[in-house]
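Observations on the model geometry
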Amino acid sequence: MGMCVLVLGQSGSGKSTSLRNFSPDEVGVLNVAGKPLPFRNNLQAANNVKYSDIEKALSRAVKPAYVIDDASYLLTFDSFNSATETGYAKYTRYAVNFYNLLRVAATKTPDDCIVYFLMHEDTDSNTGQVKAKTVGKMIESQLTLEGLFTIVLRTRVAEVDGTYSYQFETQSNGLTPCKSPIGMLPPVMENDLRAVDAAIREYYGWTKEGEGKNGKDGMAREN
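The residue numbering used here restarts from 1 in each chain and proceeds along that chain's sequence as written. Given that this is a predicted model, residues contribute local features only at a pLDDT of at least 70 and side-chain atom pairs are listed and counted only at 80 or more, while totals for whole chains, interfaces and linings are drawn from all residues. Processing note: side-chain calculations cover all non-hydrogen atoms of the structure and skip hydrogens and water entirely.

**With respect to the pattern of salt bridges**
Where we set the bar: Salt bridge, as used here, is a side-chain nitrogen of Lys or Arg placed within 4 Å of a carboxyl oxygen of Asp or Glu. Counting from the N terminus, the helices are DSSP H or I runs at least four residues long and the strands are E runs at least two residues long. Exposed residues in this analysis have more than 50% of their type's maximum accessible area, buried residues have under 20%, and partly exposed residues fall in between, with area computed by a 1.4 Å probe over protein chains only.
Counted under the stated rule, the structure contains eight salt bridges. With a closest N to O distance of 2.8 Å, E190 and R20 form a salt bridge. Of this pair, E190 sits in strand β9 (residues 188-190) while R20 sits in the loop between β1 (3-9) and β2 (27-31); the two residues are 170 residues apart in sequence, bridging distant segments of the chain. A salt bridge links E169 to R156, with the shortest nitrogen-to-oxygen separation between them at 3.6 Å. With a gap of 13 residues between them, E169 in strand β8 (residues 163-169) and R156 in strand β7 (residues 151-160) connect regions that are remote in the sequence. E169 gets classed as buried once you look at its relative accessible area, which sits at 11%. On the basis of relative accessibility, which here comes to 32%, the residue R156 falls in the partly exposed class.

**Observations regarding helix α5 (residues 193-204)**
How we decide: By this rule, a helix spans an expected 1.5 Å times one less than how many residues it contains. In this description, contact between two residues means that some pair of their heavy atoms is separated by no more than 4.5 Å. Pairs of N or O atoms within 3.5 Å make up the polar contacts considered here, provided that, within protein, one atom can donate a hydrogen while the other can accept it, and that residues adjacent in sequence are counted only when both atoms are side-chain atoms.
Under the 1.5 Å per step criterion, the end-to-end length of α5 is 17 Å for twelve residues, consistent within 8% with the ideal 16 Å. Looking only at α5, the buried set comprises L193, V196, D197, A198, A199, I200 and R201. Contacts from the buried residues of α5 go to β1, β4 (65-69), β5 (114-123), β7, β8 and β9. Where α5 begins, one side-chain oxygen reaches toward the backbone nitrogen of R194, 3.1 Å away; that side chain belongs to D192. Positive backbone phi, approximately 70°, marks G205, located one or two places after α5.

**As for the pairing of β8**
Let me state the cut-off plainly: A strand pair is defined by DSSP finding two or more bridges across the two strands.
As paired strands, β7 and β8 are joined by seven bridges and run antiparallel to one another. Across the sheet, residue T155 finds its bridge partner in β8, namely F168.

**What to know about helix α3 (residues 89-107)**
Between its first and last C-alpha atoms α3 spans 26 Å; for 19 residues at 1.5 Å apiece the expected length is 27 Å, and the two agree. Within the sequence span of α3, burial applies to K90, Y94, A95, F98, L101, L102, V104, A105 and A106. At its buried positions, α3 is contacted by β1, α1 (51-59), β4, α2 (72-81), β5 and α4 (138-143).

**Concerning the side chain of D78**
Spelled out, the test is: Charge assignment in this entry is limited to Lys and Arg as positive and Asp and Glu as negative, and neither His nor the chain termini are counted.
Mapping D78 onto the fold places it in helix α2. As a buried residue without a salt bridge, D78 has its nearest oppositely charged side chain in R93, at a separation of 5.5 Å. With sequence-adjacent residues up to four places away left out, D78 is seen in contact with Y51, Y94 and N97.

**Some thoughts on the side chain of R154**
Relative to the helices and strands, R154 resides in strand β7. Accessibility expressed as a relative area gives 17% for R154, which makes it buried. A polar side-chain atom of R154 sits 2.8 Å from a polar atom in the side chain of E121.

**Considering the nonpolar core**
Formally: Definition used in this section: a nonpolar core is a set of buried Ala, Val, Leu, Ile, Met, Phe, Trp, Tyr and Cys residues joined via side-chain atoms within 4.5 Å.
Formed by 37 residues in total, the largest nonpolar core has its most connected members in L30, I54, L58, I68, F98, F117 and M119. Every element with two or more residues in this core is listed here: β1, α1, β4, α2, α3, β5 and α4. In terms of residue count, α3 provides more of this core than any other element does, eight residues in total. Excluding anything up to four places from it in sequence, F98 contacts Y51, A71, L74, L75, F117, M119, I139 and L145. With 25 residues, the next largest nonpolar core counts M3, V67, Y116 and M189 among its residues.

**A closer look at the packing of aromatic side chains**
Note the cut-off: Each aromatic pair joins two rings of Phe, Tyr and Trp (for Trp, the six-membered one) with centres within 6.5 Å, and gets the label stacked for planes under 30 degrees apart, edge-to-face for over 60, and tilted for any other angle.
Applying the stated criterion across every chain, the model contains seven aromatic pairs. Between the aromatic rings of F117 and F149, the centroid separation amounts to 5.7 Å while the plane-to-plane angle is 75°, which identifies the pairing as edge-to-face. Taken together, the residues F117 in strand β5 and F149 in the loop between α4 and β7 connect sequence positions 32 residues apart. Of the two residues, F117 and F149, both sit in the buried class. Pairing Y204 with W206 gives two aromatic rings, centres 5.2 Å apart and planes at 20°, and the pair type is stacked. One aromatic cluster in this structure is built from Y88, Y91 and Y94.

**Remarks on the pairing of β5**
With eight of its ten residues buried, β5 lies for the most part within the structure. Here β1 pairs with β5 via seven bridges, running parallel. Opposite L8, over in β5, you have M119 as the bridge partner. Direction of pairing for β4 relative to β5: parallel, over a ladder of five bridges. Paired with D69 across the bridge in β5 is L118. When β5 meets strand β6 (residues 130-132), the two strands line up antiparallel, connected through three bridges. Paired with D122 across the two strands is K131, which belongs to β6. In this antiparallel pair of consecutive strands, β5 and β6, the connection spans six residues, and G128 shows a positive phi of 80°.

In structure tokens form, the structure reads like this:
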């Protein structure tokens, strides 16, 4: 049973850039929207993946970590593809598809496999509460998406004297769903997902950083 980690943030706040320090043997990148990665690196992504592609890759999970970038678009693309459908059934389908993916990521992967869900965030205009951006009310009202993750990070951009610093928040301020186990991560850190990955493995005493169980490529291929 693997671990799922949620990374929330606005577009341009450093979610995808946080992958920059991974090497190809350490992570499989499952790129939903097919956008080029925003840094120079020899990471290769499986582009324009759908639910079936991702579930296939995770079910045979031969890399120590996988990143679904940007998982929010799975819901968005589902919504656009069925825009002409009437009735509530399509919203149930969106929720069930995403829930099933979460179950595959959590239950069909090895114990030391970490699956990172990168998603856009949304802010409640009345309460100021930050949450994952989803489609329809079923996930939001019945699933409580963030509650399914032990670790929830949020990207933020800080400016000091005209210089921008891209960071992760790891603990809630009361309005965000950020959380991480006691003593694992500092409250604020550089947006380096590889450093997060190393900290998780050290905390739980899993395999050494960057070492998978099989050493073969388990990524779905570009469509």
